[in-house]
Amino acid sequence: MDTVLSGIRSTGNLHLGNYFGALRNFIRMQDENRCFFFIADIHSLTTHPNPKYLHENVKNVLVDYLAAGIDPERSVIYIQSDVPETIELYLYLNMHAYLGELAKTTSFKEKARKQPENVNAGLLTYPTLMAADILIHNADKVPVGKDQEQHLEMTRKFARRFNNFYGVEYFKEPVAYNFGEELIKIPGLDGSGKMGKSEGNAIYLADSPKEIEKKVKRALTDSGPTEPNSVKPDYIENLFTIMRAVSTPDVVQHYENKWNSCEIRYGDMKKQLAGDIIKVTSPIRERILEIEKDDAYLRKVTKEGAEKARESASKTITAVRKIVGFKKF
Ligand code: TYM
């Protein structure tokens with residue numbers, strides 16, 4: 001049985017990118033694997049969120065996770081800050097993580113550009129905390145979108161380096177995973193790169209059908225192709241990419257044909273796309289509206305999740321402490 005670990009930062013509600021990149025396929029894996037799903041609230045501190053909203057954001061992700069189909073009876077669902085063993089492992093891994101390699105990470109360079117007034121050490125060592133999240137349970141597989149591939153590569157490097165330095169075969173080298181399929185990137189609707197919380201271009205699982213229709217309607221299009229079989233500009237290809245995730249293959253093929261014969265009507269395509277997104281999100285949204293009211297349930301889930309996650313994490317920390325050379329008198 002493989003150990004699977006999935007993490008999402010607590011910086012807002014879950015959007016279609018999170019769902020298709022890191023969640024949907026793994027909901028089906030809960031019986032065949034030892035699954036951990038966690039909320040990365042410590043990671044969110046790198047951007048200095050207002051303490052007033054931190055808890056609310058954790059709650060939103062927790063509720064979305066549960067509504068999307070994570071079953072706390074079969075999987076462990078927990079909050080990162082409830083498992084201090086992760087932070088201890090992060091510290092040990094940082095002793096073997098080097099400034100040069102951390103500063104070269106794409107996500108660090110991006111964040112440093114976005115928040116030049118706040119290039120803190122937590123941002124620099126973001127990949128070691130992420131490696132600690134994964135290695136604390138010695139995970140085999142990590143469901144992620146394409147944007148996290150480099151972090152997984154670094155996790156393998158840190159695991160290998162630890163093993164080599166201490167002459168042990170303790171940590172496994174985890175792989176980025178999407179159910180045997182390629183890692184995916186769900187684009188935004190604004191013609192730019194990926195769909196993201198901080199990009200302001202996301203469709204959330206909690207969005208109402210009306211909001212979804214409005215967002216899809218606003219997506220960038222043009223006056224349509226004039227040459228048969230022409231290459232699609234990025235902003236049109238993006239609509240097709242989202243369609244491939246939410247619609248059936250025959251629907252996608254229909255619009256591909258329309259594109260190729262220069263008969264595409266974006267109004268129709270958007271209507272179809274919005275309808276198919278709503279089909280995916282509306283059952284989740286209904287559950288969100290129920291679960292978010294049930295504080296007793298959320299308290300129980302997080303308490304039990306923390307206990308199970310700590311049980312697994314403390315085994316790792318006990319072994320790592322021994323490997324590092326700490327001994328009791
Ligand atoms: P985060 O919170 O940005 O995103 C959570 C997960 O959703 C995926 N994702 C996407 N996939 C496809 N298309 C998109 N547009 C898209 N946007 C987001 C991400 O790839 C990710 O899998 N560093 C992580 C959180 C984290 C983590 C971990 C993940 C911390 N520790 C350990 C896995 C294992 C992050 O910021 O993801």
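A quick note: this is a predicted structure, and the numbers were derived from the prediction, not measured.

Of all 7 residues that make up strand 1 (residues 3–9), 5 are buried, and the element is covered over most of its length. Both strand 1 and strand 2 (residues 34–40) contribute to a ladder of 7 bridges, which runs parallel. Bridging across to strand 2, V4 finds its partner in C35. Handedness of the crossover is the feature at issue here: the chain leaves strand 1, passes through helix 1 (residues 16–27), returns alongside strand 2, and the resulting connection is right-handed.

The backbone of N229 shows a phi angle near 55°, a positive value even though the residue is not glycine. Structurally, the position occupied by N229 is in the loop between helix 9 (209–218) and helix 10 (234–246). Looking at N229, the relative accessible area reads 57%, which means it is exposed. Backbone geometry at C262 places phi at a positive 60°, although glycine is not the residue there. With respect to the element layout, C262 can be found in the loop between helix 11 (249–260) and helix 12 (266–291).

Quick look at the site of the ligand now. Close to the ligand lie 28 residues; R9, Y126, D133, D147 and I186 are nearest. Backbone polar atom of G17 to a nitrogen atom of the ligand: 3.1 Å apart, as the coordinates give it. Side-chain polar atom of D147 to an oxygen atom of the ligand: 2.5 Å apart, as the coordinates give it. Contact with the protein chains hides 98% of the accessible area of the ligand, taken as 700 Å² for the molecule alone. Across the shell around the ligand, the residue classes tally to 14 nonpolar, 8 polar and 6 charged.

For the rest of this paragraph, the subject is the packing of aromatic side chains. Two numbers describe a pair of aromatic rings. These are the distance of the centres and the angle of the planes. Enumeration over the complete set of coordinates arrives at 9 aromatic pairs. Centre to centre, the rings of Y19 and F20 are 5.1 Å apart; their planes meet at 75°, and the pair counts as edge-to-face. Of the two residues, Y19 and F20, both sit in the buried class. For the pair Y170 and F171, a centre-to-centre distance of 5.0 Å together with 70° between the ring planes defines the contact as edge-to-face. Here Y170 falls in the partly exposed class, since its relative accessible area comes to 24%. On the basis of relative accessibility, which here comes to 4%, the residue F171 falls in the buried class. Each member of the aromatic cluster is reached from another via a ring pair, and the members are F162, F165, Y166, Y170 and F171.

The calculated volume of the second largest pocket comes to roughly 240 Å³. Lining of the second largest pocket is provided by D41, L54, H55, V58, K59, L62, I79, S81, D295, L298, R299 and T302. Breaking the lining of the second largest pocket down by element, the ones donating at least two residues are helix 2 (51–68) and helix 13 (295–324). At 5 residues, the largest contribution of residues to the lining of the second largest pocket is made by helix 2.

Turning our eyes to something else, we now look at the pattern of salt bridges. Two side chains of opposite charge can pair, provided their charged atoms sit close to one another. Taken as a whole and assessed by the stated rule, the structure comprises 21 salt bridges. Where K172 meets D140, a salt bridge forms, and the shortest distance between an N and an O atom there is 3.1 Å. Of this pair, K172 sits in the loop between helix 8 (149–166) and strand 5 (175–177) while D140 sits in the loop between helix 7 (126–135) and strand 4 (141–143); the two residues are 32 residues apart in sequence, bridging distant segments of the chain. What makes K172 partly exposed here is its relative accessible area of 37%. The exposure class assigned to D140 is buried, which follows from its relative accessible area of 17%. The partner of K300 in a salt bridge is E304, with the nearest N and O atoms 3.7 Å apart. Here the residue K300 and the residue E304 both occupy positions in helix 13, the gap between them amounting to 4 residues, near one helical turn. When its relative accessible area of 32% is taken as the criterion, E304 is described as partly exposed. Through salt bridges with shared partners, a single network forms among K232, E237, R244 and E256.

What counts, and at which threshold
Residues numbered from 1 in each chain as written. Predicted model: local features only at pLDDT ≥ 70, side-chain atom pairs only at ≥ 80, totals over all residues. Heavy atoms only, no water. Buried < 20%, exposed > 50% of the residue type's maximum accessible area, 1.4 Å probe, protein only. Helix = DSSP H or I, 4+ residues; strand = E, 2+ residues; numbered from the N terminus. Pairing = 2+ DSSP bridges. Right-handed = clockwise from strand over helix to strand, strands pointing away. Near = heavy atom within 4 Å. Polar contact = N/O pair within 3.5 Å; in protein donor to acceptor, adjacent residues only side chain to side chain. Areas by Shrake-Rupley, 256 points an atom, 1.4 Å probe, with all protein chains shown as cover. Nonpolar A, V, L, I, M, F, W, Y, C, P; charged D, E, K, R; others polar. Phe/Tyr/Trp six-rings, centres within 6.5 Å; stacked < 30°, edge-to-face > 60°. 1 Å grid on protein atoms, 1.4 Å probe; cavity = no way out; pocket = protein on both sides within 12 Å on 5 of 7 lines; lining within 4 Å. Points joined across faces, edges and corners; volume = space filled by probe spheres on them. Salt bridge = Lys/Arg side-chain N within 4 Å of Asp/Glu carboxyl O.

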